[in-house]
Amino acid sequence: MILLHALLFLILGTGGKNDMAVIYATLIVKGKKTFADVPAKIQEQVKEVLIDLELPELAEI
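Scoring rules and cut-offs
- Residue positions within a chain follow its written sequence, with the count starting from 1.
- Restriction of local features to residues with pLDDT of at least 70 applies here, the model being predicted, together with a cutoff of 80 or more for giving and counting side-chain atom pairs; totals for whole chains, interfaces and linings are based on all residues.
- Side-chain descriptors were evaluated using all non-hydrogen atoms of the structure, hydrogens and water having been removed beforehand.
- Numbering of helices and strands runs from the N terminus, with a helix taken as a DSSP run of H or I at least four residues long and a strand as a DSSP run of E at least two residues long.
- Exposed residues in this analysis have more than 50% of their type's maximum accessible area, buried residues have under 20%, and partly exposed residues fall in between, with area computed by a 1.4 Å probe over protein chains only.
- Note on contacts: a residue pair qualifies if any of its non-hydrogen atoms lie within 4.5 Å across the two residues.
- Lines fitted to C-alpha atoms define the axes, with helix axes restricted to the stretch in contact, and inter-axis angles between N-to-C directions lie between 0 and 180 degrees.
- Working rule for angles: under 35 degrees goes down as roughly parallel, over 145 as roughly antiparallel, 65 to 115 as roughly perpendicular, anything else as oblique.
- Left-handed describes a crossing in which the near helix is turned anticlockwise from the far one by less than a right angle; the clockwise case is right-handed.
- Each residue gets one label: Ala, Val, Leu, Ile, Met, Phe, Trp, Tyr, Cys and Pro are nonpolar, Asp, Glu, Lys and Arg are charged, and the others, such as Gly, are polar.
- This arc describes the spread of directions from the helix axis toward the C-beta atoms.
- Put simply, buried Ala, Val, Leu, Ile, Met, Phe, Trp, Tyr and Cys residues joined by side-chain atoms within 4.5 Å make one nonpolar core.

Novice: In this structure, what is going on with the overall build of the protein? I would like to understand it.
Specialist: If you tally the helices and strands in the protein, you get three helices and zero strands. The order of helices and strands in the protein, counted from the N terminus, is α-α-α. Within the protein, buried positions represent 33% of all 61 residues. Considering only intrachain contacts with a sequence separation of at least 6, the fraction spanning at least 24 residues in the protein is 47%.

Novice: Which parts of the structure should I look at to understand the packing of helix α2 (residues 19-29) against helix α3 (residues 43-52)?
Specialist: The angle between the axes and the distance between the axes are what describe a pair of packed helices. The contact between α2 and α3 brings their axes to 8 Å, and the two run at 55°. The angle between α2 and α3 falls in the class oblique. Helix-helix and strand crossings are classified by hand; for α2 and α3 the assignment is right-handed. Here α2 contributes Ala21, Val22, Tyr24, Ala25, Ile28 and Val29 to the contact with α3, which in turn contributes Gln45, Val46, Val49 and Leu50. Tallied by class, residues from the contact of α2 with α3 come to nine nonpolar, one polar and no charged.

Novice: I'm lost on α3 in this one. Help?
Specialist: Side chains of residues three or four places apart in an α-helix project in the same direction, reflecting 3.6 residues per turn. Three or more residues of α3 are buried, namely Gln43, Val46, Val49 and Leu50. Relative to the axis of α3, the buried residues are bounded by an arc of 120° and lie together on one face. Once α3 finishes, Glu54 follows within two positions and takes phi at roughly 60°, a positive value.

Novice: Help me understand the nonpolar core, please; the structure alone is not making it clear to me.
Specialist: Considering soluble globular proteins, one finds that nonpolar side chains tend to be buried as a cluster. Membership of the largest hydrophobic core comes to 14 residues, with the highest contact counts inside it found for Ile28, Phe35, Val38, Val46, Val49 and Leu50. At the level of secondary structure, the elements contributing two or more residues to this core comprise α2 and α3. The biggest single contributor to this core is α2, with five residues. Excluding residues that lie within four positions of it along the chain, Val38 makes contacts with Tyr24, Ile28, Gln43 and Val46.

Rendered as structure tokens:
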């Protein structure tokens, strides 16, 4: 439940982060995608989102 609230916070108030980065981070957290699936163009932003969620280990290739 806390994770859901964190994701909603990120989606509603992304602090300038790319919406696609939040979507990819959500898919990674749910196990639908891996960090390797993220386009290189937004990998750094996705990594930042995962770090914000205290899940930096999911940002490893």
